[in-house]
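Below, each chain spelled out in residue letters.
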Amino acid sequence: MLKRKNISSLHVPHNKHTAACEPVRLPVPSEVILPMNMHSGHDAEPIVKVGDYVRVGQLIAREEGRFSSPVHATVSGTVAEISPIPTAKGGTTLAIRIESDGKMEKDPDLKPPVVNGTQEFLQALRESGLVGLGGAAFPTWAKFNEMCSGQYTVDTVLVNAAECEPYITSDHRMMLDHTDLIVKGVEYLRNNMMEYLKDATFLICVEKNKPDAIAKLKAALADKPYAKVHELEAIYPQGAKQVTLYNATGRVAIAGKRFPAFHAVIINVSSFAKMAEYMETGMPLVERIVTVDGPGVKTPKNFIAPIGTRISYLLEQVELNGEPGKVVIGGPMNGNAVVSVDSPIVKVSNAVLVFDEKHAVLPDATNCIHCGKCVEKCPINITVWAVYGALQTKDEEAKEAKLIDTGVRQCVDCGCCSYICPAHRPLLGWNQEAKGWLKKYAAAKKEKEEGKN
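Read on for an overview of the structure. (Residues numbered from 1 in each chain as written. Predicted model: local features only at pLDDT ≥ 70, side-chain atom pairs only at ≥ 80, totals over all residues. Heavy atoms only, no water.)

Concerning the overall build of the chain
Now for step 1: Along the chain, the regular secondary structure elements total 15 helices and 17 strands.
Now for step 2: Taking all 453 residues of the chain together, the buried fraction comes to 52%.
Now for step 3: Accessible surface for the chain amounts to roughly 20,500 Å². Of this, 50% is attributable to carbon and sulfur atoms.
Now for step 4: Within the chain, one finds 52 positive and 52 negative side-chain charges whose respective centroids are separated by 5 Å. (Helix = DSSP H or I, 4+ residues; strand = E, 2+ residues; numbered from the N terminus. Buried < 20%, exposed > 50% of the residue type's maximum accessible area, 1.4 Å probe, protein only. Areas by Shrake-Rupley, 256 points an atom, 1.4 Å probe, with all protein chains shown as cover. Lys, Arg positive; Asp, Glu negative; His and termini not counted. Charge placed at Lys NZ, Arg CZ, Asp CG, Glu CD.)

As structure tokens, then:
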């Protein structure tokens, strides 16, 4: 990573059309589909069966294995089906389909957790089903648990409120409409992990294109000397954790090291607010703010939607500019196009973007013209142009060395390289392929070495 004053340098159109749109609660959908892989780590394990009646907030799938996260009912109604569904990466995962009765009855057993000390606080977060809502989906309890190993000293808590992707305003609205929860989040985390965060500074990192949110947060935090708003330039990709770390603290993230090794922990601002909401009410993660926008949407809006709602139902709530050419979950820079609008939104679905036919078709890729723009705009200083060539190497040991030499392991999946490439080459896709191959190759080598011992 280059030692620069600011390592973000790509200006993309903001298109924050819904910044002033207060989220509207979605009419109760007729059904929800809840996949068991809405988090990084092992799939959750269903504990209900077809025919069971469930209520909002009721546990329906327990965490299973390392870094898993439980799943809770997001509507009240009857479990109609438990069966595999396809995933975005080509595999399958079990999903629980609940037919709603329209009543949205809450689980009567829900109550705020009783917490005394760090371990009870972490256990409460485990039970909440909370994950990183900015896109990584890493279980929140596991993120904070990393601080407790005794290996690290954390002096900075970064609350990531950059929301640098075009169109998306779900975090912006969380800051405006639930400022109190963000302030409470500071207190809950600080008080319950005092042993590890007693001298830590909380930095709410917000891009300067959100002056209303900045003003509200500054006013709300005025009497807390250990918490302040850190204003970031409105350039992409400020929300990538490595970029946020550098631009807020000047510290450089190194591939292969856990985040607390840099004396910091980072959490998305909506995750932070939802953490406080759970501590106040006992209601686990069952709904979220979703922005519905894009060139194919005539009436963009923000919704409060139950997790598991079909994308098609969300699109019925807005006026479209004709037949969609492409629908993307997340932002246009690093979101994922969906195969079917019958797919559900999941915990990390902060936006549904609709692109008409004109904006949906990408230009054909041509040969690299060696302009160097992909390297120039890469916030991590990866030798992006060299990744494709390294992937073609036949000898696996040489292939590993070449890929590592490009720096691709530190890729943050921001998409700056693909966006800026005048030859329209799928550079981000090759970076992701390279990272996946390196991970599998390293695991295979480790297994082989352990087999010898």
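We are not done yet, so read on.
What about the pattern of salt bridges?
Now for step 1: Within the structure shown, the criterion is met by 21 salt bridges.
Now for step 2: Residue D155 is joined to R251 by a salt bridge in which the shortest nitrogen-to-oxygen separation is 3.0 Å. Taken together, the positions of D155 in the loop between α2 (140-145) and β9 (156-161) and R251 in the loop between α7 (241-249) and β12 (264-268) put the pair 96 residues apart, joining distant regions of the chain.
Now for step 3: Residue classification places D155 among the partly exposed positions, given a relative accessible area of 29%.
Now for step 4: By relative accessible area, R251 is classed as partly exposed at 24%.
Now for step 5: A salt bridge links E231 to K218; the nearest nitrogen and oxygen atoms lie 2.7 Å apart. (Salt bridge = Lys/Arg side-chain N within 4 Å of Asp/Glu carboxyl O.)

Here we look at the nonpolar core
What tends to happen in soluble globular proteins is that the nonpolar side chains get buried as a cluster.
Now for step 1: Of all hydrophobic cores here, the largest spans 70 residues; its most connected members are F144 and L189.
Now for step 2: Broken down by element, the residue count for this core peaks at seven residues, all from helix α8 (residues 269-281).
Now for step 3: In contact with F144, other than residues within four places in its own chain, are F121, L122, L125, L189, M193, V265, I267 and M275.
Now for step 4: Core analysis: the next-biggest nonpolar cluster, separate from the first, contains 31 residues, L403, C411, L428 and W437 among them. (Core = buried A, V, L, I, M, F, W, Y, C linked by side-chain atoms within 4.5 Å. Contact = heavy atoms within 4.5 Å.)

Considering unusual backbone geometry
Now for step 1: The residue after Y236, namely P237, is reached through a cis peptide bond having omega 5°.
Now for step 2: Turning to its location among the elements, P237 is positioned in the loop between β11 (227-232) and α7.

What to know about the sheet that holds strand β2 (residues 31-35)
Now for step 1: The four strands lie next to each other as β2-β8-β7-β4, forming an open sheet whose pairing is antiparallel. Pairing within the sheet leaves two strands with one partner each, and these edge strands are β2 and β4 (53-54).
Now for step 2: Here strand β7 (residues 77-86) runs beside strand β8 (residues 92-100); their pairing, made up of nine bridges, is antiparallel. Bridge pairing links S83 to A95 in β8. (Pairing = 2+ DSSP bridges.)

So, the environment of G185
Now for step 1: In this structure, G185 sits in helix α4 (residues 179-192).
Now for step 2: We classify G185 as buried; its relative accessible area is 0%.
Now for step 3: Separated by 90 residues in the primary sequence, G185 and M275 place their C-alpha atoms 6.6 Å from one another.
Now for step 4: Residues contacting G185, with those up to four places away along its chain left out, are F272, M275 and A276.

So, the sheet that holds β12
Now for step 1: The four strands are arranged β11-β10-β9-β12 in an open sheet whose pairing can be described as parallel. In the strand order of this sheet, the two ends are held by β11 and β12, each with one partner. Averaged over all adjacent pairs, the angle separating strand axes in this sheet is 25°, with direction ignored.
Now for step 2: Packing of α4 onto the sheet brings it into contact with β9, β10 (201-207) and β11, and relative to β10 it is tilted by some 150°. (Axes fitted to C-alpha atoms, helices over the stretch in contact; angles between N-to-C directions.)

On their own, these measurements won't tell you what the molecule is for.
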